[in-house]
Amino acid sequence: MKALFLQTALVSALALGAAHAADDVPGVLRANHKAVGAVPQTGTMQFTYAYSGNGMTGAATSVQDIATGAYIDSETAGPVSEAYAYDGKTPWMRDFSGANTAQEGGDRIAVAVNEAYRNANLWWRPDFGGASIVYAGRETLDGKPNDRLIVTPKNGKSFDAWFDAKTHLLTQIAEPRQFFDTRVFYSDYRRKGGTTVPHKLVLDGGTGKANYETLTLQKFTVSGAQPLANYARPTTPPTGATIDGNAASVTMPFRLLNNHIYVRGTVNGKGPYTFILDTGGHNLISPKIAKAIGLTSVGASVGSGAGKGTVVSGFAKVEEIAIGGVRLHDQTAIVQNIYDKSIEGIPVDAMVGFELIRRMVTRIDYGAHTLTFTDPAKFKPVDAGKPVPFKFYDHLPQVEGDAGGIAGIFDIDTGSRSEVDITSPSVEKFKLREKYARGVTAVTGWGVGGPVESYVVRLPFLTLGGQKQESVVAALDAPNSGSMSDPNFLGNVGSGFLKRFVVTLDYAHQTMYLKPIVPSPADIGTFDRSGMWINAAADGYLVNSISVGGPAEKGGLQKGDVITAIDGRTVKPEALATARALLRMRPEGSKVTLDYKRGGKAKHTMITLRDQI
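Bear in mind the structure is a predicted one, so any value in this text is a computation, not a measurement.

The rules behind the values
- Residues numbered from 1 in each chain as written.
- Predicted model: local features only at pLDDT ≥ 70, side-chain atom pairs only at ≥ 80, totals over all residues.
- Heavy atoms only, no water.
- Helix = DSSP H or I, 4+ residues; strand = E, 2+ residues; numbered from the N terminus.
- Rg over C-alpha atoms; globule rule 2.2 N^0.38 Å.
- Contact = heavy atoms within 4.5 Å.
- Lys, Arg positive; Asp, Glu negative; His and termini not counted.
- Charge placed at Lys NZ, Arg CZ, Asp CG, Glu CD.
- Pairing = 2+ DSSP bridges.
- Axes fitted to C-alpha atoms, helices over the stretch in contact; angles between N-to-C directions.
- Phe/Tyr/Trp six-rings, centres within 6.5 Å; stacked < 30°, edge-to-face > 60°.
- Buried < 20%, exposed > 50% of the residue type's maximum accessible area, 1.4 Å probe, protein only.
- Lys NZ or Arg CZ within 6 Å of the ring centre and 35° of its normal.
- Salt bridge = Lys/Arg side-chain N within 4 Å of Asp/Glu carboxyl O.
- Expected span 1.5 Å × (residues − 1).
- pLDDT = per-residue confidence, 0-100.

## Structural notes on the overall build of the protein
Looking only at helices and strands, the protein has ten helices and 42 strands in total. A globule of 613 residues ought to have a C-alpha radius of gyration of about 25 Å, and the protein, at 26 Å, matches this closely. With the principal axes as the frame, the protein shows a C-alpha extent of 85 × 55 × 45 Å. Across the protein, every contact between residues at least 6 apart in sequence was considered, and the portion connecting residues at least 24 apart equals 61%. Here the protein contributes 64 positive and 58 negative side-chain charges, whose respective centroids are spaced 2 Å apart.

## With respect to the sheet that holds strand E25 (residues 370-374)
For sheets, the rule is that strands pair by backbone hydrogen bonds, running either parallel or antiparallel. Spatially, E15-E25-E24-E35-E36-E26 is the arrangement adopted by the six strands of the open sheet, whose pairing is antiparallel. Each edge of the open sheet is held by one strand with a lone partner, namely strand E15 (249-253) and strand E26 (386-389). Within this sheet the neighbouring strands show an average axis-to-axis angle of 20 degrees, counted without direction. When strand E35 (residues 501-506) meets strand E36 (residues 511-516), the two strands line up antiparallel, connected through six bridges. Looking at the pairing, Leu-505 lines up with Met-512 of E36.

## So, the packing of aromatic side chains
Between two aromatic rings, the relevant description is the distance of the centres plus the angle of the planes. In total, this model carries 19 aromatic pairs according to the counting rule given. On the basis of an interplanar angle of 90 degrees and a centroid distance of 5.2 Å, the ring pair of Phe-390 and Phe-392 is categorised as edge-to-face. Of the residues examined, Phe-390 reaches a relative accessible area of 5% and is grouped as buried. Aromatic ring contacts, followed pair by pair, group Tyr-117, Trp-123, Phe-159 and Phe-163 into a single cluster. Lying over the aromatic face of Trp-533, Arg-580 brings its terminal NZ or CZ to 4.6 Å of the ring centre.

## Overview of the pattern of salt bridges
Under the counting rule described, the total for this entry stands at 22 salt bridges. A salt bridge links Asp-394 to Arg-108; the nearest nitrogen and oxygen atoms lie 3.3 Å apart. One end of the pair, Asp-394, is in the loop between strand E27 (391-393) and strand E28 (396-403); the other, Arg-108, is in helix H2 (residues 108-119), with 286 residues separating them in the sequence. For the residue pair Asp-394 and Arg-108, the accessibility class agrees, reading buried in each case.

## Considering the side chain of Asn-258
With respect to the helices and strands, the residue Asn-258 is situated in the loop between strand E16 (255-257) and strand E17 (260-267). A residue is classified by how much of its surface remains accessible, and Asn-258, at 11% relative accessible area, is buried. Those residues in contact with Asn-258 that lie beyond four places of it in its chain are Glu-344, Arg-417, Ala-577 and Arg-580.

## Regarding the pairing of strand E13 (residues 213-223)
With nine bridges joining them, strand E1 (residues 44-53) and E13 adopt antiparallel strand pairing. Across the sheet, Phe-47 pairs through a bridge with Phe-220, a residue of E13. Of the pairings in the sheet, the one linking strand E12 (residues 195-204) to E13 comprises four bridges and is antiparallel in character. Following the sheet pairing, Leu-201 is matched in E13 by Leu-215.

## Describing the environment of Ile-563
Within the secondary structure layout, Ile-563 lies in strand E39 (residues 562-566). Through-space distance from the C-alpha of Ile-563 to that of Gly-208 is 39 Å; in sequence the pair is 355 residues apart. Apart from the residues lying within four places of it in its own chain, the contact partners of Ile-563 are Met-532, Ile-534, Asp-539, Gly-540, Tyr-541, Val-543, Val-571, Leu-594, Asp-595 and Tyr-596.

## Here's the deal with the environment of Gly-531
With respect to the secondary-structure elements, Gly-531 resides in the loop between E36 and strand E37 (532-537). Those residues in contact with Gly-531 that sit more than four places away from it in its chain are Ser-545, Ile-546, Ser-547, Pro-551, Ala-552 and Gln-612.

## A look at the side chain of Asp-278
Following the sequence through the fold, Asp-278 ends up in the loop between strand E18 (270-277) and strand E19 (284-285). Although Asp-278 is buried, it makes no salt bridge; Arg-417 carries the closest opposite charge, 10 Å away. Setting aside residues up to four positions removed in sequence, Asp-278 forms contacts with Met-351, Val-352, Gly-353, Phe-354, Asp-413, Thr-414 and Gly-415.

## Some points on helix H1 (residues 25-36)
Since the α-helix turns once every 3.6 residues, residues separated by three or four places project in the same direction. Taking 1.5 Å per residue, twelve residues should reach 16 Å; H1 reaches 17 Å between its end C-alpha atoms and fits that length. For H1, the complete set of buried residues consists of Val-25, Gly-27, Val-28, Leu-29, Ala-31, Asn-32, Ala-35 and Val-36. Buried residues along H1 sit in contact with strand E7 (132-141), strand E8 (144-152), strand E9 (159-164), strand E11 (180-192) and E12. Phi for Gly-37, located one or two positions after H1, is positive at around 95 degrees.

## Topic: the environment of Gly-405
The residue Gly-405 is located in the loop between E28 and strand E29 (406-412) in this model. For Gly-405, a relative accessible area of 54% translates into the label exposed. Spatially, the C-alpha atoms of Gly-405 and Pro-460 are 8.8 Å apart, while their sequence positions differ by 55 residues.

## Remarks on unusual backbone geometry
That bond from Gly-271 to Pro-272 is cis: its omega, 5 degrees, falls within 30 degrees of zero. Relative to the assigned elements, Pro-272 resides in strand E18. A cis geometry characterises the amide bond from Val-518 onward to Pro-519, with omega recorded as -5 degrees. In this structure, Pro-519 sits in the loop between E36 and E37. For Asp-330, which is not a glycine, the phi torsion comes out positive at approximately 50 degrees. Considering the arrangement of structural elements, one finds Asp-330 in strand E22 (residues 326-335). Among the residues examined, Asp-330 registers a relative accessible area of 56% and is labelled exposed.

## Description of the pairing of E18
With six bridges connecting them, E17 and E18 associate as antiparallel partners. Within E18, the position partnered with Gly-265 by the bridge is Tyr-273. Where E17 folds back onto E18 in an antiparallel hairpin, the turn is made up of two residues, including Asn-268, whose phi is positive at roughly 50 degrees.

## Regarding the confidence of the model for the protein
Per-residue pLDDT for the protein has a mean of 92; in total, 94% of the residues score no lower than 70. Predicted confidence is poor over residues 1-19, with pLDDT under 50, and the contacts of this stretch with residues over four places away or in other chains come to 100 contacts.

And the structure:
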C-alpha cells in the first residue's frame with residue numbers, strides 16, 4: 001500500500017505578500033517561506049491523519065525532525081500496518097508482517113533524501129540546501145496559475161513542485177518512484193499556531209484516479225527535538241516464525257515446474273495446498289482458498305507485476321501458514337489470484353515469499369530439489385558457497401553483476417522462470433536490441449499483469465558476485481512492461497539462472513551464497529525451439545502466441561489453436577511443464593508431430609524445432 005504521505009512536510013501557507021518575477025526561483029521560495037511564518041530551527045513535528053483508500057479506513061502518522069527532515073511515517077488500515085522511515089543515513093521499512101528492513105536498493109535512498117529535504121524545508125536556504133532548482137514555467141492547474149519548480153536535492157532525484165501563483169501555497173508534488181509516476185495534491189490549508197498546514201492530502205500512487213488515497217489532518221503538534229537514533233531502524237529480529245521441535249533447521253522436498261518452486265502446506269491447519277516460493281513475492285492466498293477456510297478479505301489494493309496490467313487484492317489475517325516443519329504465525333496475507341491453472345498446468349493456491357525468508361535462512365538446492373529453512377541465530381555458512389552481499393529494494397534482494405560486459409544491479413527473484421530479464425530502460429540506454437541482432441520476439445512468462453512479451457537473445461555471459469556463467473538466455477523487455485520498466489536496476493535474475501547453484505538466502509545479514517551445481521542441470525541456457533507459447537486448456541494446450549517466422553508458424557499453427565496431442569500422445573494439463581521442456585530441450589532439427597483443433601475441426605501438422613536465438 002505504501003502511502004505517499006511519506007512526502008508530506010511542513011509546507012506552504014497563506015500569501016503574505018512578497019511579489020516576485022515569474023521566473024525567479026528565490027522569489028517563489030521566499031514568498032512560500034514568508035507565508036509559512038515562523039518555524040523553529042529544531043524540534044519535532046507530528047502530523048496525525050485519518051486515512052481512507054484501498055477500500056479501507058484507518059489512521060496515519062508522520063513524525064519529523066525539523067532540522068534534518070528525518071522521519072517515521074506509519075499507517076494502519078484494516079489488517080495492514082506498516083511504516084517507512086529515514087534517520088538521515090539509512091531508509092527502512094516495517095512491512096505488514098512486522099519485520100524492520102533497511103532500504104538501500106533501487107531508488108529508496110534517493111526517495112528518502114527527497115522527503116527529508118522537503119520535511120526540513122531546505123529549499124528555503126540561500127543555497128537551496130545544496131539542491132539544483134530550475135524554474136519550469138507558469139502552468140494552469142484546476143483553473144489557477146501555478147509556478148512550477150524542478151528540484152533535484154543532493155543525493156536525491158528530481159521532483160516537480162507547483163506553487164499557487166497568488167497564494168504561494170504548495171499545491172502539488174510529482175515524483176517518480178520505482179516505475180510509477182506518483183503525485184500528492186495539497187489543499188484545505190489552515191493556520192495551526194503560527195504555521196499554516198494543509199488539512200487534506202490526496203495521494204496518487206500512479207495506478208489511476210480510482211486508487212487515490214486521502215489523508216485528512218486530525219492533529220498537528222510541535223515539540224522538542226528527539227535524538228536521531230529514535231528514527232533509526234530497530235534491530236530486534238522479527239518474530240512470528242518457528243520450526244517444529246525447536247529444531248535448528250528443517251528440510252523438505254519441492255517440485256520445480258516451469259522453473260518455479262512448489263511445496264505443499266496448510267493455512268490455519270487446513271489443506272494441504274500448493275504454494276509457490278517466490279523471493280519477489282509475499283504471503284498470498286487465492287480467493288478460492290480464502291473462502292474455503294473462512295478468511296475475511298478486506299480492502300482493494302492495486303498491485304503490479306511483470307506484465308502490463310494490474311490486479312486488485314484484499315488483505316486477511318491468518319493465524320498460521322505451515323510448510324513442512326516451519327510455521328509462520330499471526331500473519332497478514334494478500335488475497336489475490338496467483339496463477340490460473342492454465343498458466344502452470346496445476347492449480348496454485350498460495351504463495352510464500354519475503355515474510356518467510358526474512359525470518360528463516362533459506363537454502364534452495366536446485367539439484368536435489370530440496371528446501372532447508374534454518375533459524376538465523378543457529379545458521380553457520382559452512383559449505384554454503386561464495387557469499388554475495390545484497391541490498392533490499394522493498395522486499396527484493398539486489399546484487400551487483402555484469403550482463404555481457406554491462407555492469408549493474410540485479411533483482412534476485414525465484415518467482416521468475418527466466419534466466420535474466422533486462423529492464424526496458426536498460427535495453428534502450430545500452431541499445432541492446434541493436435547490439436544483439438539475432439533474437440526473437442516471444443512471450444517469455446506470465447505475471448500478475450498477464451503475459452510478458454520480450455525480445456529474447458543470448459548473452460555471452462552473466463556474472464553475479466564473481467560467479468560467471470556463459471551462454472545465458474536474456475529477455476530484453478519492451479516499454480510499459482510493468483515492473484520491468486523500472487529504471488532503478490539493470491535486470492531481474494530468475495530461477496532459470498539460479499538453478500545452476502545451490503542458493504542460500506540469509507536476509508538477516510543481507511547475504512546470498514552461491515554454490516555451483518556439478519554437473520549443471522541439462523536444460524540451462526536453453527530456450528523454446530517451437531516458436532510458440534502454450535497454456536493449459538480444458539481440452540488441450542492453447543496456443544497463446546506465435547513467433548513470426550518460427551517453426552510453429554511455418555507448420556501452419558495459429559494463435560487460438562488447441563493442441564490435443566504431441567507425437568501421438570494425448571496432452572494433459574498437469575504435464576504442461578513437461579511439454580514446454582520437450583519443445584525447449586529436444587535438439588535442433590528434431591521433428592515433432594502435433595494434433596490440434598481449430599474452430600472445432602481436427603488438424604495435424606509437423607514442426608521442425610530450431611534455435612531462435
